[in-house]
Amino acid sequence: MAGDPYRVWLSEIMLQQTTVAAVIPYFGRFLEAWPTVGALAAAELDAVLRAWAGLGYYARARNLHACAREVAGRFGGRFPETEAALRELPGIGLYTAAAIAAIAFGRPATVVDGNVERVVARLFAVTEPLPAVRPHLRALAETLTPDRDCGDFAQAMMDLGATVCTPRRPRCLACPLVGVCAAAAAGIAESLPRRAVKAERPTRRGVAYWLEDGEEAVLLRRRVDTGLLGGMIELPSTEWAVQGAPDADSVAGQAPVRAAWRALPGTVRHTFTHFHLELTLVAAGLAGPGAASGAGGFWVPVARLGEQALPSVMQKLIRHALAETGRDARATRKT
Ligand code: SF4
């Protein structure tokens, strides 16, 4: 059974490294705002980034928008059907191309996500650790893929992994594959797939600047388009360094303006894929908008902060700053 390519694509991009529970409200809001790929292509990138704010891994939102524009411009609003053509589109890798080809178009394609990797590792009792064994697991999965009903097969494998062949306590007695499963026969199912020991995540530290202009507006800036949180809006901050929090001279030197900065109590913590982040805040107020010249960035009234494309870490920082400067975070609103 084939699905709507736009919905399949949108859900697969949102679900990358994100839970179903977190994605559901975003998926609904995106479909309401942009019911077709053409509508999404016609949207401003800023509106898409704002709607994505809080979902994380923001390069996905930029690629989503670029991909919609390419599908609308190059393919007349229809997604290409083959894995090879799909993989040429921004943000569509091996997994997503296979999922769209199989689920949306019923094409023969092997869809391998973490659930499928686990099922295959157990069916064949593969004991070499991830991630190095990944290509081998994919090759084994390809030997199982049927010539027809590939979408149903892919979804059945993913569902089996999510509900029966679970990471802990797989329910082998209820599994339709128990008769052909090597790991179940050997009694090693729960220990597979094995994983190479991961390096510890380092902790980076920095200081963020809460600068007000005397008229209840706060200084924000836009991050560069590439890299972590590319193109998102942020409070200015020092560099996030692994060596530790910057000293007072460094905080003054990296500040957007010279001002009487005072430290706010507390620390805001956030975890990214590759590091933990600990930020403290310093605050200052300027006499009026004129005093803010040279600060760079742009000013946003406190009550309108919720309308910005703020990633989760910045939302946490702003809530913390509002609480520490005696305001209610609920006073900001999101449109
Ligand atoms: Fe997974 Fe057990 Fe089924 Fe094997 S028998 S696929 S280990 S649930």
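From a predicted model like this one, the values you see are computed outputs, not experimental measurements.

Trainee: For this particular structure, what's the right way to read the site of the ligand?
Mentor: Looking at the ligand, the residues that line it are Arg122, Cys165, Cys172, Cys175, Val178, Cys181, Ala184 and Ala189. By residue class, the composition of the shell around the ligand is 7 nonpolar, no polar and 1 charged.

Trainee: When you look at the nonpolar core in this model, what are you seeing that I'm missing?
Mentor: Grouped burial of nonpolar side chains is what soluble globular proteins tend to show. Formed by 93 residues in total, the largest nonpolar core has its most connected members in Trp9 and Trp210. A per-element tally of this core places helix H7 (residues 94-105) first, with 8 residues. By size, the runner-up hydrophobic cluster in this structure holds 11 residues, among which are Val207, Leu219, Val251 and Ala255.

Trainee: Quick question: what am I supposed to make of the pattern of salt bridges here?
Mentor: Where charged atoms from two side chains of opposite charge approach closely, those side chains can pair. Scanning all chains against the criterion turns up 14 salt bridges. Glu234 is paired through a salt bridge with Arg221; the nearest N and O atoms lie 2.6 Å apart. With Glu234 in strand E3 (residues 233-234) and Arg221 in strand E2 (residues 217-222), this pair connects stretches of sequence that are 13 residues apart. Assessed through its relative accessible area of 3%, Glu234 is described here as buried. The exposure class assigned to Arg221 is partly exposed, which follows from its relative accessible area of 30%. Across the pair Glu307 and Arg304 runs a salt bridge whose closest N-O atoms are separated by 3.1 Å. A single salt-bridge network, built from bridges that share partners, covers Glu70, Arg74 and Glu88.

Trainee: Any chance you could explain unusual backbone geometry here in plain terms?
Mentor: Peptide bonds are mostly trans, and most non-glycine residues show a negative phi. Note the cis peptide between Leu130 and Pro131, where omega equals 5 degrees. Here Pro131 is to be found in the loop between helix H8 (114-123) and helix H9 (134-144). In this structure, the amide linkage connecting Leu192 to the following residue, Pro193, adopts the cis form with an omega of -5 degrees. Looking at the element boundaries, Pro193 is found in the loop between helix H11 (182-186) and strand E1 (203-212). In this structure, Gln17 takes a positive phi of about 55 degrees despite not being glycine. In this structure, Gln17 sits in the loop between helix H1 (5-15) and helix H2 (20-33). Judged by relative accessible area, which is 59%, Gln17 ranks as exposed. In the Ramachandran plot, Leu229 falls in the positive-phi region, its phi being about 55 degrees despite a non-glycine side chain. Assignment of secondary structure puts Leu229 in the loop between E2 and E3. For Leu229, a relative accessible area of 7% gives the class buried.

Trainee: What exactly am I supposed to notice about the pairing of strand E6 (residues 276-285) here?
Mentor: Remark: a regular strand shows side chains that alternate across the two faces of the sheet. One ladder, built from 10 bridges, connects E1 with E6; its direction is parallel. Bridge pairing in E6 links Trp210 to Ala283. Note: strand E4 (residues 262-263) against E6, 2 bridges, orientation antiparallel. Opposite Arg262, over in E6, you have Ala283 as the bridge partner.

Trainee: Which parts of the structure should I look at to understand the packing of aromatic side chains?
Mentor: Inspection of every chain in the model, using the stated rule, returns 7 aromatic pairs. Look at Phe30 and Trp34: their rings are 5.1 Å apart centre to centre, the planes differ by 65 degrees, and that puts the pair in the edge-to-face class. The pair Phe30 / Trp34 is uniform in exposure class, with both members buried. Between Trp240 and Phe272, the aromatic rings sit 6.1 Å apart at their centres with planes inclined by 25 degrees, giving stacked as the arrangement. Remark: Phe272 occurs in the loop between strand E5 (268-271) and E6 and Trp240 occurs in the loop between E3 and helix H12 (248-253); sequence separation between them is 32 residues. Judged on exposure class, the residue Trp240 and its partner Phe272 are both buried. Through a chain of ring-to-ring contacts, three or more aromatic side chains come together here, namely Tyr6, Trp9 and Phe79. The ring centre of Tyr26 lies 4.8 Å from the NZ or CZ of Arg29, which sits over that ring.

Trainee: How should H9 be read in this particular structure?
Mentor: Side chains that are three or four residues apart share a direction in an α-helix, a result of its 3.6 residues per turn. Taken together, the buried positions of H9 are occupied by Leu137, Arg138, Leu140 and Ala141. End-on view of H9: buried residues confined to an arc of 165 degrees, all on one side of the axis. Opposite the buried face of H9, by more than 90 degrees, sit the exposed residues Pro135 and Thr143. Its buried side turned inward, H9 meets H7 and H8.

Thresholds, definitions, all that
Residues numbered from 1 in each chain as written. Predicted model: local features only at pLDDT ≥ 70, side-chain atom pairs only at ≥ 80, totals over all residues. Heavy atoms only, no water. Near = heavy atom within 4 Å. Nonpolar A, V, L, I, M, F, W, Y, C, P; charged D, E, K, R; others polar. Core = buried A, V, L, I, M, F, W, Y, C linked by side-chain atoms within 4.5 Å. Buried < 20%, exposed > 50% of the residue type's maximum accessible area, 1.4 Å probe, protein only. Helix = DSSP H or I, 4+ residues; strand = E, 2+ residues; numbered from the N terminus. Salt bridge = Lys/Arg side-chain N within 4 Å of Asp/Glu carboxyl O. Pairing = 2+ DSSP bridges. Phe/Tyr/Trp six-rings, centres within 6.5 Å; stacked < 30°, edge-to-face > 60°. Lys NZ or Arg CZ within 6 Å of the ring centre and 35° of its normal. Arc of directions from axis to C-beta. Contact = heavy atoms within 4.5 Å.

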